[in-house]
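# Secondary and tertiary structure notes
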Amino acid sequence: MPALPDDTKTLLDLPIGIDATGVRREFDSMGDVEVPADRYWGAQTERSLHHFNIGDDRMPKPVYHAYGYVKKACAIVNAAAGRLPDEKRDAIIRAANEAIAGRLDDHFPLYVWQTGSGTQSNMNVNEVLSNRAIQLLGGVLGSQHPVGPNDDVNMGQSSNDTFPTAMHIASVFAIDDLLVPEVTRLAATIEQKADGWMDVVKIGRTHLEDAVPLTVGQEWYGWAGQIRAAIADIEASRAGLYQLAVGGTAVGTGLNAPKGFAQDVATKIAELTGRPFVTAPNKFAAQGSLDAMVRAHAALRGLAVALMKVANDMRWLASGPRCGFAELLLPSNEPGSSIMPGKVNPTQCEAMVMIAIQVMGNDTAVSVAGSQGNFELNAMRPVIINNFLHSARILADGCARFREFSVEGTQLNRKKIEDYVNGSVMLVTALSPVIGYQNAAHIAEKAIADGTTLREAALASGKVDAELFDKTIRPLDMVGSGLAGA
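### A few points about the confidence of the model for the protein chain
- This prediction gives the protein chain a mean pLDDT of 95; 97% of its residues lie at or above 70.
- Of the regions scoring below 50 in pLDDT, residues 1–5 engages in 17 contacts with residues more than four places distant in sequence or in other chains.

Here is the structure:
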């Protein structure tokens, strides 16, 4: 994330933390609630913890970091318009900076499984920033004075417009800072390996059967091409994520948000984050749907599809060492069996395949959740952002480990590759333009039936002499390029 600007010099540098034990009383519109005395959250957060204690899935912390930008931008805009005193603005900004930096992570405990609008997480942020600001200003925690969670931190906002805004910010950071750099490094490493193997001829395979030759480098460039195309789709998907719902408030009309608030806050968020965020031109679509998130996760699914192909190809080509394809020699990272001594398995490839499966499953959840918008609100937001950030994280980490512990150390079993080329009957394809398809087919069928070499079967057919065969069946001349500009 961008460096945090030093714009809170008017506040004392109070350390984060509350020197207290037991509980304190907090209140909301429904009454008083006891909360842990050493936490900044308030009544609504505590109610959510009580009513939605479901599983172990917590709202991802990047959502709260993103929310810090939203609250900070709103405070700046509200103060500039004279709606928020400078002292409150500075305290909220300082607290928001701490949230952005992850210094308040322990105070954001809520579960994914909560209200579908994300209201409880929004209020969790409002309460934490309010109490932290109160502390900074020398007030009493839980008093909601001089900084209130609703009236000040949430001024001009609704959960319905700020939560999808935080979702988009968190997703863009995940794409830019986490996912794309690691996937790009993987693609570059695959291309580097490919460059070194462009002259190593191997037998291609289609339908899992022997096919005509290509080079190892060409095969690897195919993998890199898939990954590069997936990166382009992911980057393109950011266009929808750059549009922010903030300013639409409850149903998209902007009720209780001042004129120009949506534009001003989006502009400020863009300035604070260094990303080209803009106000969503259609707040009703931005809040009644989560289509931009669905499209963005579909791009992650596309990457998972490509990575599964690469990982599966590598583990099949490395199968062996004696009784499989054994064309690739993968790094031996750890023992592969508790009972079979000396066994080593393609574990990084297996991990990548499992990651791809998980991402595809996540995409199903995202797609179904995205279809559940009702009237002016899609109330399935937490499950979507949880799955999106989960997918982005495991794809990024998986690509890093796959590159470091598998791709970089992969070597070729050149003898095995050469043996496959010499033993292939599909090289007969080069004879087809010379002696005709049917004659070439009969030669291949004869070689397979008799267990002879292609050369032996060709010469025995009488259709080809040794000079013609040797001039025509030249594997390196059969590989072409298949790459633009080559």
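Next comes the rest of the account.
### What to know about the pattern of salt bridges
- Considering all chains together, one arrives at 29 salt bridges under this definition.
- Residues arginine 89 and aspartate 90 are paired through a salt bridge, measuring 3.0 Å at the closest nitrogen-oxygen approach.
- Its relative accessible area of 24% is what places arginine 89 among the partly exposed residues.
- Of the residues examined, aspartate 90 reaches a relative accessible area of 7% and is grouped as buried.
- Among the ionic pairs, lysine 202 bridges to glutamate 219, the shortest N-O distance being 2.8 Å. Placement of the pair is lysine 202 in strand S3 (residues 201–206) and glutamate 219 in helix H7 (residues 216–241), with a sequence separation of 17 residues.
- The class for lysine 202 is buried, based on a relative accessible area of 1%.
- Linked through salt bridges whose partners overlap, the residues forming this network are Asp176, Asp177, Arg238 and Arg275.

### With respect to the pairing of S3
- Both S3 and strand S4 (residues 209–215) contribute to a ladder of five bridges, which runs antiparallel. Bridging from a neighbouring strand, isoleucine 203 pairs with proline 213 of S4.
- In this structure, the hairpin formed by S3 and S4 is closed by a connection of two residues, where histidine 207 is found at a positive phi of approximately 55 degrees.

### Things to note about the environment of methionine 30
- Mapped onto the secondary structure, methionine 30 falls in the loop between strand S1 (23–28) and strand S2 (31–36).
- Methionine 30 gets classed as exposed once you look at its relative accessible area, which sits at 69%.
- Remark: the alpha-carbon pair of methionine 30 and asparagine 345, spanning 315 residues in sequence, is separated by 59 Å.

### Description of unusual backbone geometry
- The step from histidine 145 to proline 146 runs through a cis peptide bond, and the omega angle for that step is 10 degrees.
- Considering the arrangement of structural elements, one finds proline 146 in the loop between helix H4 (119–136) and helix H5 (149–153).
- Here glycine 320 and proline 321 are connected by a cis peptide whose omega angle stands at 10 degrees.
- By secondary structure assignment, the location of proline 321 is in the loop between helix H10 (291–317) and strand S7 (328–329).
- Its identity is not glycine, yet glutamine 144 carries a phi of approximately 60 degrees, on the positive side.
- With respect to the helices, strands and loops of the structure, glutamine 144 is situated in the loop between H4 and H5.
- Backbone geometry at threonine 249 places phi at a positive 50 degrees, although glycine is not the residue there.
- Checked against the element boundaries, threonine 249 lands in the loop between strand S5 (243–244) and helix H8 (261–273).

### Considering the packing of aromatic side chains
- All told, the structure shown has six aromatic pairs when counted by the stated rule.
- With centroids separated by 4.4 Å and ring planes inclined at 5 degrees, the aromatic side chains of tyrosine 64 and phenylalanine 108 adopt a geometry described as stacked. Residue tyrosine 64 is found in helix H2 (residues 61–80), and its partner phenylalanine 108 is found in the loop between helix H3 (86–100) and H4; the two are separated by 44 residues along the sequence.
- Relative accessible area serves as the criterion here: at 0%, tyrosine 64 is assigned to the buried category.
- Look at phenylalanine 108 and you get buried, because its relative accessible area is 1%.
- Aromatic side chains tryptophan 220 and tryptophan 223 sit 4.9 Å apart centroid to centroid with 40 degrees between the ring planes, which places their arrangement in the tilted category. On the criterion of helical spacing, the pair formed by tryptophan 220 and tryptophan 223 is a turn pair, its members being three residues apart in helix H7. Residue tryptophan 220 shares its accessibility class with tryptophan 223, and that shared class is buried.
- Ring pairs connect the aromatic residues Trp197, Trp220 and Trp223, which therefore count as one cluster.
- Between the NZ or CZ atom of arginine 205 and the centre of the ring of tyrosine 420, over which it lies, the distance is 5.4 Å.

### Things to note about empty space enclosed by the protein
- A complete count under the given rule lists two cavities of 30 Å³ or more for this structure.
- Estimated volume of the largest cavity: approximately 60 Å³.
- Around the largest cavity, the lining residues are Glu26, Phe27, Ala43, Glu127, Ser130, Asn131, Gly142, Gln144 and Pro149.
- For the lining of the largest cavity, the secondary-structure elements that each account for two or more residues are S1 and H4.
- Examining the composition of the lining of the largest cavity, we find that three residues originate from one element, H4, more than from any other.
- Of the residues in the lining of the largest cavity, the class split is three nonpolar, four polar and two charged.
- There is about 50 Å³ of room inside the second largest cavity.
- When contributions to the lining of the second largest cavity are tallied by element, the ones reaching two or more residues are helix H11 (347–370) and helix H12 (381–407).
- Per-element accounting of the lining of the second largest cavity gives the leading share, three residues, to H11.
- When grouped by side-chain class, the residues that make up the lining of the second largest cavity number five nonpolar, five polar and no charged.

Cut-offs and rules
The residue numbering used here restarts from 1 in each chain and proceeds along that chain's sequence as written. For a predicted model such as this one, the threshold for reporting local features is a pLDDT of at least 70, and the threshold for listing and counting side-chain atom pairs is 80 or more; totals across whole chains, interfaces and linings nevertheless cover every residue. Values shown for side chains rest on all heavy atoms present in the structure; no hydrogens or waters enter the calculation. Per-residue confidence from the predictor is given as pLDDT, running between 0 and 100. Contact criterion: two residues are considered in contact whenever any of their non-hydrogen atoms come within 4.5 Å of each other. Put simply, a salt bridge is a Lys or Arg side-chain nitrogen that is within 4 Å of an Asp or Glu carboxyl oxygen. The buried label goes to any residue with under 20% of its type's maximum accessible area, the exposed label to any with over 50%, and the partly exposed label to all in between, with areas taken from a 1.4 Å probe on protein chains only. Helix and strand labels come from DSSP, where a helix needs a run of H or I of at least four residues and a strand needs a run of E of at least two; each type is numbered from the N terminus. Any two strands are treated as partners once DSSP identifies two or more bridges connecting them. When the centres of two rings from Phe, Tyr and Trp lie within 6.5 Å, Trp using its six-membered ring, the rings pair. Their planes under 30 degrees apart give stacked, over 60 give edge-to-face, and anything left gives tilted. Lysine and arginine charges are scored as sitting over a ring when NZ or CZ, respectively, is within 6 Å of the ring centre and within 35 degrees of the ring normal. Lining residues are defined by having an atom within 4 Å of a point belonging to a cavity or pocket. Those points lie on a 1 Å grid over the protein atoms alone, cavities being sets where a 1.4 Å probe fits but cannot get out and pockets being open sets with protein on both sides within 12 Å along at least five of seven lines. Grid points are joined across faces, edges and corners, and a volume is the space filled by probe spheres set on the points. By the convention adopted, Pro, Cys, Tyr, Trp, Phe, Met, Ile, Leu, Val and Ala count as nonpolar, Lys, Arg, Asp and Glu as charged, and the other residues, Gly among them, as polar.

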